[in-house]
Amino acid sequence: MLNQKEILSTIAMIDQQHLDIRTITMGISLLSCCDPDAKKACDKIYEKITRYAEKLVKTGEDIQHEFGIPIVNKRISVTPMALVAGASETEDYVPFALALDRAAKTCGVNFIGGYSALVQKGMTLADEKLIRSIPEALDRTELVCSSINVGSTRAGINMDAVKLMGRIIKDTAARTADRDGLGCAKLVVFCNAVEDNPFMAGAFHGVGEAERVINVGVSGPGVVYHALQSVKGQPLDMVAETVKKTAFQVTRMGQLVAKEASSRLDTPFGIVDLSLAPTPAIGDSVARILEEMGLEVCGTHGTTAALALLNDAVKKGGVMASSSVGGLSGAFIPVSEDEGMIAAAKAGTLCVDKLEAMTCVCSVGLDMIAVPGDTTAETISAIIADEAAIGMVNNKTTAVRLLPTPGKNVGDTVEMGGLLGSAPVMPVHKESSADFIQRGGRIPAVVIRRGFLAKISGLRNKNALEMGIETGQLSFLKHRTSPAMAKASPTRLVKSEGRLPRMGSQGESGAYSISIPANRISAIPCN
């Protein structure tokens, strides 16, 4: 039950601190639209999207009016188009992008994502056709967004795809040069892309998702900034606690809107993505949050540590508020969309190298960064490779969205307008990476330390489970084994190093499954 103080606090967040629902995104599976005839497939795509998302915009507007909560964008994500178009006997995939654009305009949404391919381990013929069509597709459409996943922790990095994407980004910038290379703002290259991301340009509807779902993205950097003003000079653990509590409130609001939209649209509720996604507006900046923690300017020494604290606290607060937190949840650092980062970049404090370091601990990667128009395709590919390596090794999502605007040099400004903002052109290293990129091939996946999966039976009380984990007095099976082998050689937890995780999921039988990091336990056979 909300008390008066909490209600007034939420009203202040909305009215004064830029709290909003950044997007309601409907994910739609298009696998049923596959057809050998490309025209028939495009017709099926248009019909299905417009049928499912017909009331999406009106529903969002109705909820905004009734609840008084700003809902900035209504969007659609679809199955990666390479999977759908691959069934058609055609060499030209641009009509599929045009069908998406036409459907998005009919529905009245802001963007539609999913002109995508997943090539982390290799490219099919369909994948390559789609990738090579991206420059023309983004030139001829207004609302279509494209994403390519070139790596993952399990598969490694597809360097042939990385090499190709450098050229594709350059070609896209050239084809949309009359709009300051706007096409590149709708194209992102991922490592470890997630299937339920509601934010553009990287949203697509994963093949593991339901027929259709509602995902909601919530944002509120201004809310966090305002909350931190109450703990000036306090220890950093107090800062983290304040961010967690604020993230909890924001996530609860997002879940309320998501469930309401889900009910009205008769569509399953997917996830709430709590991401501090800044806007060019004053007071809605992630950079200013970091400066409120004690940094003189975002980009100076200590910025990465401050961002790590912020990102972790946001995730923890969101998880406490909802069991359906997903997407990218954390802090975004898109330069052109954050007035504090724009200022830091113009001052020379924030550079591409520092931003790359920050991506080790934030939710995504190098986002909305303008680089000189004469930056080579190989240099762009090398930047993508660096970012993908960070994602692969650290088992996190990373991404690159660069703007190599033709005719622009360091010190110039690229104007995108609206939420995309403006970006000062930032320098990149002039030394060549061409020979490295031309090698192609694949960077193998790294060896990662895996945890034990322990299934503990007979514990229906979660408190008992937590107590058992902390005291190290629970028997568990180290691996999936036959009943006879399990009986012959069970294992038990004999030593804990640090605090073990408390989170578990209750199965149908009342048992709990928990993941225990291997570096936290020692296990020995017992008779």
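Computed from a predicted structure; not experimentally measured. (Residues numbered from 1 in each chain as written. Predicted model: local features only at pLDDT ≥ 70, side-chain atom pairs only at ≥ 80, totals over all residues. Heavy atoms only, no water.)

Draft legend 1. Up close: the pattern of salt bridges. As enumerated under the stated definition, the model contains 23 salt bridges in all. When the shortest N-O distance is used, the salt bridge between arginine 264 and glutamate 66 registers 2.6 Å. Separated by 198 residues along the polypeptide, arginine 264 in helix H9 (residues 236-265) and glutamate 66 in helix H3 (residues 56-67) bring together distant segments of the chain. For arginine 264, the salt bridge is made with glutamate 260, and the minimal N-O distance between the two is 2.8 Å. Here glutamate 260 and arginine 264 lie together in helix H9, a separation of four residues that amounts to about one turn. (Salt bridge = Lys/Arg side-chain N within 4 Å of Asp/Glu carboxyl O. Helix = DSSP H or I, 4+ residues; strand = E, 2+ residues; numbered from the N terminus.)

Draft legend 2. Structural view of the environment of glycine 421. Mapped onto the elements of the fold, glycine 421 is located in the loop between strand S12 (413-415) and strand S13 (422-424). Sequence spacing of glycine 421 and isoleucine 342 is 79 residues, and the spatial spacing of their C-alpha atoms is 9.4 Å. Apart from the residues within four sequence positions on either side, glycine 421 is in contact with Pro280, Ser336, Val414, Glu415 and Met416. (Contact = heavy atoms within 4.5 Å.)

Draft legend 3. How the structure looks around the nonpolar core. Counting residues in hydrophobic clusters, the biggest one holds 127 residues, and the most contacted among them are Ile49, Met81, Tyr115 and Leu310. If you tally residues by element for this core, the top one is H9, at nine residues. Counting twelve residues, the second-largest nonpolar core is a separate cluster that includes Cys145, Ala201, Leu328 and Ala399. (Core = buried A, V, L, I, M, F, W, Y, C linked by side-chain atoms within 4.5 Å. Buried < 20%, exposed > 50% of the residue type's maximum accessible area, 1.4 Å probe, protein only.)

Draft legend 4. Broad picture of unusual backbone geometry. The omega torsion of the bond from methionine 200 to alanine 201 falls at 15°, within 30 degrees of zero and hence cis. Note that alanine 201 resides in the loop between strand S6 (187-191) and strand S7 (212-219). The phi dihedral of aspartate 180 is positive, around 55°, even though this residue is not glycine. Structurally, aspartate 180 is set in the loop between helix H7 (159-175) and S6. In the Ramachandran plot, aspartate 266 falls in the positive-phi region, its phi being about 50° despite a non-glycine side chain. Tracing the backbone through its elements, the reader meets aspartate 266 in the loop between H9 and strand S8 (269-276).

Draft legend 5. Geometry of the side chain of lysine 186. Mapped onto the elements, lysine 186 comes out in the loop between H7 and S6. Of the side chains with opposite charge, aspartate 101 comes closest to the buried, unpaired lysine 186, at an N-O distance of 6.5 Å. In terms of polar contacts, lysine 186 uses its side chain to reach the backbone carbonyl oxygen of glutamate 142, at 3.2 Å. Beyond its immediate sequence surroundings of up to four residues, lysine 186 is in contact with Phe111, Leu138, Thr141, Glu142, Leu143, Val144, Cys145, Ser146 and Ala201. (Lys, Arg positive; Asp, Glu negative; His and termini not counted. Polar contact = N/O pair within 3.5 Å; in protein donor to acceptor, adjacent residues only side chain to side chain.)

Draft legend 6. Representation of helix H8 (residues 221-228) within the structure. Extensive coverage of H8 is indicated by the burial of six of its eight residues. Inspection of H8 places Pro221, Gly222, Val223, Val224, Ala227 and Leu228 among the buried residues, and these make up the whole buried set.

Draft legend 7. Local environment of the environment of valine 239. Here valine 239 shows up in helix H9. Residue valine 239 is classed as buried on the basis of its relative accessible area, which comes to 6%. Between the C-alpha atoms of valine 239 and alanine 313, which are 74 residues apart in sequence, the distance is 9.0 Å. Sequence-distant contacts of valine 239, that is, excluding residues within four places in its chain, are made with Leu228, Val231, Gln234, Met293 and Leu309.

Draft legend 8. Quick look at helix H11 (residues 303-321). Between the first and last C-alpha of H11 there are 27 Å, a value that for 19 residues agrees with the 27 Å anticipated at 1.5 Å per step. Residues of H11 that are buried: Thr303, Thr304, Ala306, Leu307, Leu309, Leu310, Asn311, Ala313, Val314, Gly317, Gly318 and Ala321. If you follow the buried residues of H11, they end up packed against H8, H9, S8, helix H10 (286-292), strand S9 (330-331) and helix H13 (352-358). (Expected span 1.5 Å × (residues − 1).)

Draft legend 9. Just the packing of aromatic side chains, in detail. Under the counting rule described, the total for this entry stands at two aromatic pairs. Ring geometry for tyrosine 93 against phenylalanine 96: centres 5.7 Å apart, planes inclined by 75°, an arrangement best described as edge-to-face. Each member of the pair, tyrosine 93 together with phenylalanine 96, is buried. Here the aromatic rings of phenylalanine 199 and phenylalanine 332 are separated by 5.2 Å at their centres, their planes lie at 75°, and the arrangement is edge-to-face. With phenylalanine 199 in the loop between S6 and S7 and phenylalanine 332 in the loop between S9 and helix H12 (339-347), this residue pair connects regions lying 133 residues apart in the sequence. Judged by its relative accessible area of 8%, phenylalanine 332 is buried. Lying across the ring of tyrosine 46, arginine 102 places its NZ or CZ 4.2 Å from the centre. (Phe/Tyr/Trp six-rings, centres within 6.5 Å; stacked < 30°, edge-to-face > 60°. Lys NZ or Arg CZ within 6 Å of the ring centre and 35° of its normal.)

By themselves these figures say nothing about function.
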